[in-house]
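Fold and contact review
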Amino acid sequence: MRRWRHSVDELAARRRQQSECERAHQALSRVTSCFQQLAASLGSTADSSFLRDELEETRTLAHRICCGLSRRLVRLVSLSDSCVEDRQVSERLWVLLLSALEHFLSDLRKASDLIGQFPLTQRCDRNSLINTGCMDGVVGVAAQVALVQVPWLTLEEEPSPDLTCHISGLEDMLTEMQRRVPVAFWAVEATQAAWTEAHGAVDEPDHSLEELMDVEVVHGNKMATCCQPMCCGLGCVG
Amino acid sequence: MTIRNTLRDHGQRYRPRMACLKKAEKVLLEMQDPKTGVKSQPQRLVITTIPHAITGEDILSWLADRFQVDTQEARNVGSMLVALGYIYPLQDHKRLVIKPDASLYRFQTPYFWPTQQWPVEDTDYAIYLAKRNIRKKGILELHEQEQYNRLHKWMNHKWDFIVMQAKEQYRAAKERKKPDRVVFDCQERAYWVVHRPPPGTVSAMDYGLERRIEPNADETKTPDFYERIMIFTQQSIMRPRVKSSVSIGALVKYCATYNNHDPFLSKCLPSNPWLTDDITYWNLNMTNVAIPTKMRVERWTFSFGELLSDPRGRDDFRLFLKKEFSGENLAFWEVCEDLRWGAAVTMREKAEQIYKTFLARGAPRWINIDGKTMEITVNGLKHPHRYVLDAAQTHIYMLMKKDSYGRYLKSPVFKDTVKKAICPEEQKFTDAQLEQNAKNRRPSLSPIVLRQQEQEQRAKMAANAPVDITQVMSKLSKQGKEAPPCPPPAKK
């Protein structure tokens, strides 16, 4: 009787941990998406020290989530005495985390390259920023980042590393995780079928944006003279 | 996560240096200068204006001014910048060319610039397609749908991550102001037009084969490294040397001879197909054309190797040798080439066939090689391999070169060919005609079809091969007449 109750408790604990990891995954996705939006403005005229500070904060938040998530998942997946379903869920979470880490790592590398290429230390550096048409509208994105809730945010406090250390730390973490826990990631299957995300409940469909981008053609042509598309040696034909 | 085996990976997966990227970036930075760069104007949309749009003619005039080149060259450079993804067109976004009029372009943000060291990941493309799917409610273009299905199949294990990330990115993008959102979407769309071009277009990011070693990495100085350097240096010392005057003289002679035949250095008649999209030049120079061009015939007079390597020249030479009854030399040489380059499976049979036809005593097409070479060859044929007939082949080659080739050049066959050879007029196309030519581009014959034609040709030739002595003899004996063995025709 006691053993039965013990196993039920174990099961409940594991389920709790898995749902905690799922929520952390969501949070990590949100933070990395915001990071990408911010990094897309690096090197353009919208680049500023405010942007770079926001980038730093987003990065440290992501670091905290990643560390906590990896620790918990390693513990979860290493448990050998679990039923098949539980094991499948844990492996799925494991593969999701590794994919997310890889994706974030590539964004970090790009951001670090760009920060090195476009330093903002002197006033004359601003002349070499690219005029991309973006004005700084990243306040909304920064607010999103601030809203992210992580289950264990308050529990663990670690010193956040700087950019290069973060990159190397992530790389090490990835190799370490792959080495320590053997998970057959090709056995994990997607829970969603293809094309279903289009029918999902995403808040109003943004028709106006699409129309906006197409309207350019009409307006542009009014200014343009009748253009004869020329071909040249490198012609990429549509 | 991506499936990667880093321990025993000997694959080629490093992208070669793309030096043009660094140079393009420098040019782009110069274009940004508020005083000396390209002047920009705001782009008016329905609800807002977006700054920093530039017109095609402004870009071209700036490039022509900066590099001191003519407009055509400026257009080539401008189109290259667009094709690489540093500038993207706002109208007609799928065609990556610069139009010399008031059509608008914008600079791409450095986050979406092409880089040499980080290849474009399929994961990112999958996230982009999923995002587009969400936005357009399942209405994607045909090639995008195909790619989506393919990625869904191959990345099934991380598909949940892809969908989750796509949704989050969509939500994050919504937080920005409307004009910035439009700009970001245009930038992302332009990025993927460059790196995942729709089928049928040419991509400027094609870089050929991947390399085995990372070109940017410094090589570590292990003992192995030093051993390789030592071997390389020793081989360099042991190499046979030629006086520089001799080798330079050979280079000069080559350049002087081939100068008029080089399509870059002199005009290509009627017109260079890569520039004008008109394939008359290729049609006139096909392998089995009846009347060759004058330039081609002139090349045959440069050296015997040129004559033999051009299939049309070889046909002409074969015709000449047939008239002289010494066709077996060329036939033997061709059959040796077939042995050298052919499949290993049929080598033994081929070697036997060659011996029976050309080398054995009383063979139907007996070739005249000296005793020593014959001895070496016959001994080698006991254990045939690819290069067993090399000595005999070289002997016959030199024979043909020193003797038959000279007579061929003076023969009526060749003189006739020279008289009939055509010299096409240079074609001049107007811009409208060039546009028409580009529209009418069609893929050429598939190599499978070409190979079939070649094989049919060869079979036809084999059927029309000169009659052997044995066939003649057997025919005569069948008729019951005892004809004396006729001496083989005078061989040279």
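- An unreviewed UniProt entry lists chain B under the name Regulator of G-protein signaling 9, with Solea senegalensis given as the organism.
- Under Subcellular location (unreviewed entry), UniProt gives the following word-for-word description of chain B: "Membrane".

Re the overall build of chain A
- Within chain A, the regular secondary structure consists of six helices and zero strands.
- Across chain A, helices and strands are ordered from the amino to the carboxyl terminus as α-α-α-α-α-α.
- Residue burial in chain A is summarised as follows: out of 238 residues, 47% are buried.
- Looking at chain A alone, contacts between residues at least 24 apart form 86% of all its contacts between residues at least 6 apart.
- Of the roughly 12200 Å² that chain A leaves accessible, carbon and sulfur atoms contribute 55%.

Quick look at the packing of helix H4 (residues 122-136) of chain B against helix H5 (residues 142-154) of chain B
All names here are of chain B.
- Running from amino to carboxyl end, H4 crosses H5 at an angle of 120°, the nearest separation of the two axes being 10 Å. It follows from the interaxial angle that H4 and H5 lie oblique. For H4 against H5, the interelement crossing comes out left-handed. Residues Asp122, Tyr125, Ala126, Leu129, Ala130, Arg132 and Asn133 of H4 form the contact with H5, whose participating residues are His143, Glu144, Gln147, Tyr148, Arg150 and Leu151.

Notes on the pairing of strand E1 (residues 41-44) of chain B
Residues and elements named next belong to chain B.
- Relative to strand E2 (residues 49-55), E1 runs antiparallel, the two being bridged by three bridges. By the bridge assignment for E2, Gln41 is matched with Ala53.
- Where E1 hands over to E2, the hairpin turn is made up of four residues, counted between the paired strands.

Details of the packing of aromatic side chains
- Across all of its chains, the model carries 25 aromatic pairs over all chains by this definition.
- Each ring, one from B:Tyr258 and one from B:Phe302, has its centre 5.1 Å from the other, and the planes form 70°; the classification is edge-to-face. Residue B:Tyr258 is found in helix H9 (residues 244-258), and its partner B:Phe302 is found in the loop between helix H12 (294-300) and helix H13 (304-309); the two are separated by 44 residues along the sequence.
- On the accessibility criterion, B:Tyr258 (18% relative accessible area) is buried.
- Measuring from ring centre to ring centre gives 5.4 Å for B:Trp274 and B:Trp282, while their planes differ by 75°; the resulting arrangement is edge-to-face.
- The rings of B:Phe304, B:Phe317, B:Phe320, B:Trp333, B:Tyr397, B:Tyr405, B:Tyr408 and B:Phe414 are connected pair by pair, giving a single aromatic cluster.
- Its end group placed over the ring of B:Tyr111, A:Lys110 keeps NZ or CZ at 4.6 Å from the ring centre.

Comments concerning the nonpolar core
- Membership of the largest hydrophobic core comes to 104 residues, with the highest contact counts inside it found for A:Trp94, B:Met31, B:Ile59 and B:Ile87.
- Of all the elements, helix H3 (residues 84-117) of chain A adds the most residues to this core, at 13 residues.
- With 33 residues, the next largest nonpolar core counts B:Leu308, B:Ile367, B:Leu389 and B:Phe414 among its residues.

Examining the side chain of B:Lys99
Residues and elements named next belong to chain B.
- Relative to the helices and strands, Lys99 is located in the loop between strand E3 (87-89) and strand E4 (104-107).
- Engagement of the side chain of Lys99 in a polar contact is seen with the side chain of Asp92, the distance being 3.3 Å.
- If we skip the residues at most four places from it in the chain, Lys99 touches Gly56, Glu57, Asp92 and Tyr105.

Thresholds applied
Residues numbered from 1 in each chain as written. Chains lettered and ligands numbered in written order. Predicted model: local features only at pLDDT ≥ 70, side-chain atom pairs only at ≥ 80, totals over all residues. Heavy atoms only, no water. UniProt positions renumbered as here; feature names shortened; annotations may be inferred. Helix = DSSP H or I, 4+ residues; strand = E, 2+ residues; numbered from the N terminus. Buried < 20%, exposed > 50% of the residue type's maximum accessible area, 1.4 Å probe, protein only. Contact = heavy atoms within 4.5 Å. Areas by Shrake-Rupley, 256 points an atom, 1.4 Å probe, with all protein chains shown as cover. Axes fitted to C-alpha atoms, helices over the stretch in contact; angles between N-to-C directions. Parallel < 35°, antiparallel > 145°, perpendicular 65-115°, else oblique. Left-handed = near helix turned anticlockwise from the far one by under 90°. Pairing = 2+ DSSP bridges. Phe/Tyr/Trp six-rings, centres within 6.5 Å; stacked < 30°, edge-to-face > 60°. Lys NZ or Arg CZ within 6 Å of the ring centre and 35° of its normal. Core = buried A, V, L, I, M, F, W, Y, C linked by side-chain atoms within 4.5 Å. Polar contact = N/O pair within 3.5 Å; in protein donor to acceptor, adjacent residues only side chain to side chain.

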